[in-house]
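Listed below, chain by chain, are the residues.
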Amino acid sequence: MSISINSRLQENFQQYDGIFFPKDYELLSAAEQKQLWDKIGSIYYQTQKAEELSQDVLKTIDYQQITGKIGGLWNRFPHDRHFETILEIGCGYGRTSINLSKEKNLSCAQYYGIDISEPLLRRLLYFKQAYNFYPSATFNLICNSAETLPLADNSADLIISNAVLMHIEQEKVEALLLEVARVLKPGGAFVFNNSFHNRNCPGHILRNLSRKVFPFRANSIYLNQQTLEEVESLLENAGIAKKCSKLVVEPNSHYVLLPEELGGFKVPLANGINRSLKPSTAQKAALAYSFNAYSAGVLDA
Ligand SMILES: C[S@@+](CC[C@H](N)C(=O)[O-])C[C@H]1O[C@@H](n2cnc3c(N)ncnc32)[C@H](O)[C@@H]1O
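Residues numbered from 1 in each chain as written. Predicted model: local features only at pLDDT ≥ 70, side-chain atom pairs only at ≥ 80, totals over all residues. Heavy atoms only, no water.

Q: Help me understand the UniProt feature "domain: Methyltransferase type" (unreviewed entry) in the protein, please; the structure alone is not making it clear to me.
A: Taken from the UniProt record, the annotation "domain: Methyltransferase type" (unreviewed entry) applies to residues 87–192. The span residues 87–192 carries 36% helix and 32% strand; its end-to-end C-alpha distance comes to 12 Å. (UniProt positions renumbered as here; feature names shortened; annotations may be inferred. Helix = DSSP H or I, 4+ residues; strand = E, 2+ residues; numbered from the N terminus.)

Listed below in structure tokens is the structure:
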């Protein structure tokens, strides 16, 4: 474990049960966001059921049946890449890293996974034991809100995140991206898949409206939305563009005209209608559910 990368961790965190917790963990535990994701984490995708299985049983089950698969940009992630240090923001129970390690043979010497949810980090450790992803890496799991990254400047070669930033308040996303820019090595790479909810997507517009009409039914886990240009400015203003040669922001390929539920009620035919959409290039930025961002060159063309 490199002292220079870890000095912020050593100073302000203490490790027990394989996880680094802030020394003032009570303060974090009092935060609404932490309580929400501890609660969601304890039942997230029903993966808690894996903890009822012994390691011997878990090892006999195909990991994707338990952890789920990943899609989007990850399908374009190249095989057999090695990075000295990978940082994953909002790693949850490890779904993205398990899949990248197993399916793409991604490897690293140091893995840093940060997440606010203690139950999810504990589950990640349970999956690590069963599936031994990133087999040659030292694992550094950090239970904290990710707008503070306890890593040294210029210390991460690859920073990844999957479906996390839309769950964090806008101001904190701005702070988080400044931290990403600080921690990313010059010339380093990043991939944020399905990370920014598209403000112009009709599905979100209708959902925003329904939240106003039925505030008591509002789903409070989605906390910000942007246009494609706003995402570009966010990354630019954070200084991420200065760390990598070129960055790309693009619509993902999940298009949503109608949300599948509104005000807690299922919207009939929404799924079928959304799946049948074949937008032109110009329409994609309006209909995409979210935006992805990555440094040019890190993915296959
Ligand atoms: C939709 S889940 C995605 C988890 C994982 N990336 C995956 O794809 O399976 C969102 C994740 O963000 C984490 N999260 C929410 N707010 C956070 C914050 N402020 N700092 C760090 N993690 C946070 C949650 O605990 C959860 O693991």
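Q: What exactly am I supposed to notice about the pattern of salt bridges here?
A: Oppositely charged side chains may form a pair once their charged atoms are brought near each other. This structure, assessed with the given rule, holds 10 salt bridges. With a shortest N-O distance of 2.7 Å, E179 and R182 are connected by a salt bridge. Pair noted here: E179 and R182 are both in helix α8 (residues 170–183), with a separation of 3 residues, about one helical turn. Both residues of the pair, E179 and R182, count as buried. (Salt bridge = Lys/Arg side-chain N within 4 Å of Asp/Glu carboxyl O. Buried < 20%, exposed > 50% of the residue type's maximum accessible area, 1.4 Å probe, protein only.)

Q: Any chance you could explain the site of the ligand here in plain terms?
A: The full set close to the ligand counts 20 residues, and Q33, G90, R95, D115 and N162 are the nearest of them. With respect to the ligand, the side chain of S145 contributes an N or O atom lying 2.9 Å from a nitrogen atom. Taken together, the elements giving at least two residues each to the shell around the ligand come down to α3 (32–41) and α6 (95–104). (Near = heavy atom within 4 Å. Polar contact = N/O pair within 3.5 Å; in protein donor to acceptor, adjacent residues only side chain to side chain.)

Q: What's the story with a nonpolar patch on the surface in this structure? I'm lost.
A: A contiguous nonpolar surface patch, about 260 Å² in accessible area, is contributed by L206, L209 and V213. Note on L206: relative accessible area 30%, which makes it partly exposed. (Patch = residues over 30% accessible without salt bridge, like charges linked within 9 Å, V, L, I, M, F, W, Y side chains within 5 Å. Areas by Shrake-Rupley, 256 points an atom, 1.4 Å probe, with all protein chains shown as cover.)

Q: What's the story with the nonpolar core in this structure? I'm lost.
A: Generally speaking, nonpolar side chains in soluble globular proteins are found buried as a group. In terms of nonpolar packing, the biggest core is built from 45 residues, with F77, I86, Y111, F127, Y134, L158 and V191 touching the most fellow members. The dominant element in this core, judged by the number of residues it contributes, is helix α7 (residues 118–131), at 7 residues. The contacts of L158, once residues within four sequence positions are left out, are F77, F83, T85, I86, L87, L106, A189, F190 and V298. Counting 38 residues, the second-largest nonpolar core is a separate cluster that includes I89, L184, L228 and I240. (Core = buried A, V, L, I, M, F, W, Y, C linked by side-chain atoms within 4.5 Å. Contact = heavy atoms within 4.5 Å.)

Q: Help me understand the sheet that holds strand β3 (residues 82–89) in this model?
A: Think of a sheet as strands paired side by side through backbone hydrogen bonds, with each pair either parallel or antiparallel. Overall, mixed pairing links the 9 strands, which are arranged β1-β2-β5-β4-β3-β6-β7-β11-β8 in an open sheet. Pairing within the sheet leaves two strands with one partner each, and these edge strands are β1 (13–16) and β8 (247–251). Each strand axis lies, on average, 20° off the axis of its neighbour in the sheet, ignoring direction. With 6 bridges connecting them, strand β6 (residues 156–162) and strand β7 (residues 184–197) associate as parallel partners. Looking at the pairing, L158 lines up with A189 of β7. Across the face of the sheet, α6 comes into contact with β3, β4 (107–115) and β6 while running at roughly 120° to β6. Strands β1, β2 (19–22), β4 and β5 (138–143) of the sheet are contacted by α7, whose axis makes an angle of about 165° with β5. (Pairing = 2+ DSSP bridges. Axes fitted to C-alpha atoms, helices over the stretch in contact; angles between N-to-C directions.)

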